[in-house]
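Now for the letters of each chain:
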Amino acid sequence: MFKFFESIGKYTLLMQKVFSRPEKRSIYYRRIWHEMEALGLNSIGLTAIISIFIGSAVTLQMAITLESPFIPQFMIGYATREVMILEFSSTVVALILAGKVGSNIASEIGTMRITEQIDALEIMGVNSASYLILPKIVATVFFFPFLAIFSMLIGIGGGYGIAVLTGIMNPMEYIDGLRYCFYTEEITYALTKMVFFAFFITSISAYCGYYAKGNSLEVGKASTKAVVVSSIVIMICNLVLTQIIRT
Amino acid sequence: MIKVENVVKSFEGRTVLKDISVEFGTGQTNLIIGRSGSGKTVLLKSLVGLHDVDEGAIYYDDVCFSKLDFRARKDIRRDVGMIFQGGALLDASTVAENVKLPLDLFTEQSEEEKMERVNTCLKRVNLEHAHHLYPSELSGGMVKRAAIARAIVMNPRYLFCDEPNSGLDPQTSIVIDNLISDITKEYNITTIINTHDMNSVMEIGEKIVFIYEGEKWWEGSKDDILHADNQELSDFVFASAMAKRAKKASK
Ligand SMILES: Nc1ncnc2c1ncn2[C@@H]1O[C@H](COP(=O)(O)OP(=O)(O)OP(=O)(O)O)[C@@H](O)[C@H]1O
Ligand SMILES: [Mg+2]
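Reading guide: rules and limits
- Residues numbered from 1 in each chain as written.
- Chains lettered and ligands numbered in written order.
- Predicted model: local features only at pLDDT ≥ 70, side-chain atom pairs only at ≥ 80, totals over all residues.
- Heavy atoms only, no water.
- Helix = DSSP H or I, 4+ residues; strand = E, 2+ residues; numbered from the N terminus.
- Buried < 20%, exposed > 50% of the residue type's maximum accessible area, 1.4 Å probe, protein only.
- Donors = N, O, S within 2.8 Å, 3.2 Å for Na, K, Ca; no water.
- Near = heavy atom within 4 Å.
- Polar contact = N/O pair within 3.5 Å; in protein donor to acceptor, adjacent residues only side chain to side chain.
- Nonpolar A, V, L, I, M, F, W, Y, C, P; charged D, E, K, R; others polar.
- Domains from an automatic or database assignment.
- Contact = heavy atoms within 4.5 Å.
- Buried area = accessible area lost by both parts, 1.4 Å probe.
- Salt bridge = Lys/Arg side-chain N within 4 Å of Asp/Glu carboxyl O.
- Pairing = 2+ DSSP bridges.
- Right-handed = clockwise from strand over helix to strand, strands pointing away.
- pLDDT = per-residue confidence, 0-100.

Residue and element names in this part refer to chain B. By the element assignment, D104 lies in helix α3 (residues 95–106). By relative accessible area, D104 is classed as buried at 8%. Once the C-alpha coordinates of D104 and K114 are considered, the two residues, 10 residues apart in sequence, prove to be 7.9 Å apart.

This is the structure we're talking about:
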């Protein structure tokens, strides 16, 4: 228990260091672009594959479960839309990104720690925490919401695709369902969640790597820990934000 | 000049540095020697503030470095170059980018000026053809030399080297030793080198500090070391067969 609070303290101090004034802006801009490519663009493929499969699976499941003369068919499109926007494209995609991006960040920074690259930066007079971590946080907080939008579109498109392909329901009804009771607040809510998730995934993973000690075994452990902890934080954060925003 | 006063450092109750006091002069190559595990790296890292000392003080010329906070240390660190035992080049950057990084961060020079400075430094260490290579594509000796180039690119006033020639062949070792010694003289740098290589000691050891199990056991110059009246030091110095033969011959 004491260790838990100690970690929170250390994490807070690290974030303070990360958000202290940057050395030189131009260098940071360059690094942010680089990180957007490394952490954001390179995750598009994974997001697309998972979203399209889940989108079509949800539609299929709904079509089978809601098969009843009392439930209008367009409800299937409506349900798919709600599932994708409210939970899947933010929370589940964030969990998947925690696995991909989180472990990547923790192992990269952890390796830099144990091979003394971070010490070398400190000796030069560089604020290593800010130099290494800030560009990653900015890049993911900015880029992950786009991944969420992308995932919504692809997922809902996947549902339409499966309706057309299998003929399990009328595609026009699916579209009607997508339009039914639509509020843009739902999108805002999903994107807000994603901004928080992006921050926690990146900062927690960076924290795990930054304080890695010892050898490559420890780096492996740090990256596992990064994924586990950020997944748990995402789940908690999801509940809290839903309670705050949606009620 | 760097002065160490009664420095004590321990890890989890185990004392690694035991009350060390010593002064390292400007414009000369100061060597810290000792067996593996004697505390050389810990001492060097304490000097640059990567470890905080438990007791004692460290002075950079007139400034008490160990009492400064993070921000004030940053100013001094612009004048510090360090070569780590493993090189510690940034894996994600090429040799040239590694060397250029301090210039990028702390100077307002144009791209051409910076590249010119980078080229000069790389030439000094015979790496002008390795510009575009990544650290993973370099040999151990090239990594060390690139690290030296990075350490001197800002014209440091203090240079710290942790075993700059461990793992290198004797010829390359001598080249690197002489390079460090030349730079020290040329720019009047306070240079501190960790080593357990007796060749370096005899070649460039102007001031030598012998650390034995975390204590300063002996200090002097390379001229005194062969005749020092100290059992542990003699054991260390004459550990190699060649040194033993040399001593016999001189008698
Ligand atoms: N971060 C640390 N935490 C705990 N103990 C440490 C730490 N760093 C070093 N030590 C201990 O301090 C002692 C001295 O280590 P140091 O790295 O200074 O040796 P060294 O003289 O540089 O040896 P070598 O020539 O092999 O590099 C060792 O016993 C080591 O176990
Ligand atoms: Mg060492």
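Alright, that's what it looks like, and here's the rest.
Glancing now at the coordination of the magnesium ion (ligand 2). Between any two of four tetrahedral donors, the ideal angle at the metal is 109.5 degrees; between two of six octahedral donors, it is 90 or 180 degrees. All names here are of chain B. In this structure, T41 (OG1) and Q85 (OE1) serve as the protein donors to the magnesium ion (ligand 2), at separations of 1.8 to 2.6 Å. Highlighted residues: T41 in helix α1 (residues 40–48) and Q85 in the loop between β6 (80–83) and α3, separated in sequence by 44 residues. The class for T41 is partly exposed, based on a relative accessible area of 24%. Relative accessible area serves as the criterion here: at 34%, Q85 is assigned to the partly exposed category.

Looking now at the site of ligand 1. Residues and elements named next belong to chain B. What surrounds ligand 1 is a group of 14 residues, the closest being S36, G37, K40, T41 and E163. Between ligand 1 and the protein, one listed contact pairs an oxygen atom with a backbone N or O atom of S38 at 3.3 Å. Here an oxygen atom of ligand 1 and a backbone polar atom of G39 are 3.1 Å apart. At the level of secondary structure, the elements contributing two or more residues to the shell around ligand 1 comprise β2 (14–24) and α1. For the shell around ligand 1, the residue count by class is 3 nonpolar, 7 polar and 4 charged.

Residues and elements named next belong to chain B. For chain B, the assigned domains are domain 1 (2–79 + 156–250) and domain 2 (88–155). On the domain 2 side, the residues contacting the 15 residues of domain 1 number 12 residues. Each partner contributes to the roughly 1200 Å² buried at the junction of domain 1 and domain 2, and carbon and sulfur atoms together form 66% of this total. If you sort the residues of domain 1 by the area they bury against domain 2, R78, P156 and L179 come out on top, with a joint share of 42%. Put simply, domain 1 and domain 2 have 1 salt bridge between them. Taking the shortest distance from any N to any O, the salt bridge between R124 and E186 comes out at 3.2 Å. Our count for the contact surface shared by domain 1 and domain 2 stands at 3 residue pairs in polar contact (both at pLDDT 80 or more). Among the elements that take part in the side of domain 1 that touches domain 2, helix α6 (residues 170–187) stands out by supplying 7 residues, more than any other. For the side of domain 1 that touches domain 2, the per-class residue count stands at 9 nonpolar, 1 polar and 5 charged.

Attention now moves to unusual backbone geometry. Residue and element names in this part refer to chain B. If you check the backbone angles, N6 has positive phi at about 45° while not being a glycine. Assignment of secondary structure puts N6 in strand β1 (residues 2–11). Phi angles above zero are rare outside glycine, and A88 is one such case at about 55°. Locating A88 in the fold gives a position in the loop between β6 and α3. Judged by its relative accessible area of 3%, A88 falls in the buried class.

All names here are of chain B. Most of strand β7 (residues 158–162) is tucked away: 5 of the 5 residues are buried. Of the two faces of β7, both are covered, the one formed by Y158, F160 and D162 as well as the one formed by L159 and C161. Across 4 bridges, β6 lies against β7 in parallel orientation. Bridged to V80 within β7 is Y158. Bridge count between β7 and strand β8 (residues 190–195): 5 bridges; the pairing is parallel. The partner of Y158 across the bridge, within β8, is T190. Between the parallel elements β7 and β8, the chain passes through α6 in a crossover that is right-handed.

Here the focus is the confidence of the model for chain A. Taken as a whole, chain A shows an average pLDDT of 92; of its residues, 100% reach a score of 70 or greater. Within chain A, the lowest mean pLDDT, 87, falls on helix α7 (residues 171–179) of chain A, and the highest, 95, falls on helix α8 (residues 184–210) of chain A.

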